[in-house]
Amino acid sequence: DLTLKFKFLKYIMPYKRKKYHVGDTHLKKRWRVRNRKKDLDEIDVDLKEENAEKLLNQDVNLDIPGAAQHYCLHCARYFIEERALSEHFKTKVHKRRLKALELEPYSIEESERAGGYGSFKLPTKRKIFTQNSDKQDITDRDDEVLKDSPNKRKKTDENDA
């Protein structure tokens, strides 16, 4: 008798929670597109020597975090300082991205082989290493200028004596 009563209760009592986001598909699409990152095949193009050199040695751009001086090639992300970039290299997100980049990206030739136009070839695994972060920081360049100034030389000479 009690279970029968609860079954009919849902038809009698109105639903209390209001549904505010019924027609928000346009909002969902905006959020989904806004956080979109580069795909693995786009990053594979960036890993080539000529493209990697351009991305790692970018001009100073103040609209990008870290003035576009600290960039992770594998994750396609900018960082505000060298320390943040080196900490990023230790994270799971970066290590997973390296693991995903080990397989060569899907190509047109591979799709033709899958369709019967050629012999099957297993995708090759590559060894991907984290990029070197030996690049000088902007602040390091400013310190070099200060070392050449005569006042700085006097202070260092006094300390040596």
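Everything numeric in this text was worked out from a predicted model, so none of it was measured.

### Quick notes on the UniProt feature "domain: C2H2-type" (unreviewed entry) in the chain
Moving on, step 1. In the numbering used here, UniProt assigns the "domain: C2H2-type" (unreviewed entry) feature to residues 70-99.
Moving on, step 2. The distance from the first to the last C-alpha atom of residues 70-99 is 22 Å, and the span holds 50% helix and 13% strand.

### Examining the environment of Gly66
Moving on, step 1. Tracing the sequence through the fold places Gly66 in the loop between helix H4 (49-56) and strand S1 (71-72).
Moving on, step 2. Taking the C-alpha atoms as reference points, Gly66 and Glu81, separated by 15 residues in sequence, lie 5.8 Å from one another.
Moving on, step 3. When sequence neighbours within four positions are dropped, the list of residues in contact with Gly66 reads Phe79 and Ile80.

### Observations regarding the packing of aromatic side chains
Given two aromatic rings, their pairing is described by the distance between the two centres and the angle made by the two planes.
Moving on, step 1. All chains considered together, the criterion is met by one aromatic pair.
Moving on, step 2. Ring geometry for Tyr71 against Tyr78: centres 4.7 Å apart, planes inclined by 50°, an arrangement best described as tilted.

### Let's talk about the environment of Thr91
Moving on, step 1. Within the secondary structure, Thr91 sits in the loop between helix H5 (82-88) and helix H6 (92-101).
Moving on, step 2. A polar contact is formed between the side chain of Thr91 and the backbone oxygen of His88, at a distance of 2.7 Å.

### Re H6
Moving on, step 1. If you check which residues of H6 are buried, you get His94, Leu98 and Leu101. For H6, the angular spread of the buried residues around the axis is 65°, confining them to a single face. Residues of H6 that are exposed and angled more than 90 degrees away from the buried face: Lys92, Val93, Arg96 and Lys99.

Scoring rules and cut-offs
- Residues numbered from 1 in each chain as written.
- Predicted model: local features only at pLDDT ≥ 70, side-chain atom pairs only at ≥ 80, totals over all residues.
- Heavy atoms only, no water.
- UniProt positions renumbered as here; feature names shortened; annotations may be inferred.
- Helix = DSSP H or I, 4+ residues; strand = E, 2+ residues; numbered from the N terminus.
- Contact = heavy atoms within 4.5 Å.
- Phe/Tyr/Trp six-rings, centres within 6.5 Å; stacked < 30°, edge-to-face > 60°.
- Polar contact = N/O pair within 3.5 Å; in protein donor to acceptor, adjacent residues only side chain to side chain.
- Buried < 20%, exposed > 50% of the residue type's maximum accessible area, 1.4 Å probe, protein only.
- Arc of directions from axis to C-beta.

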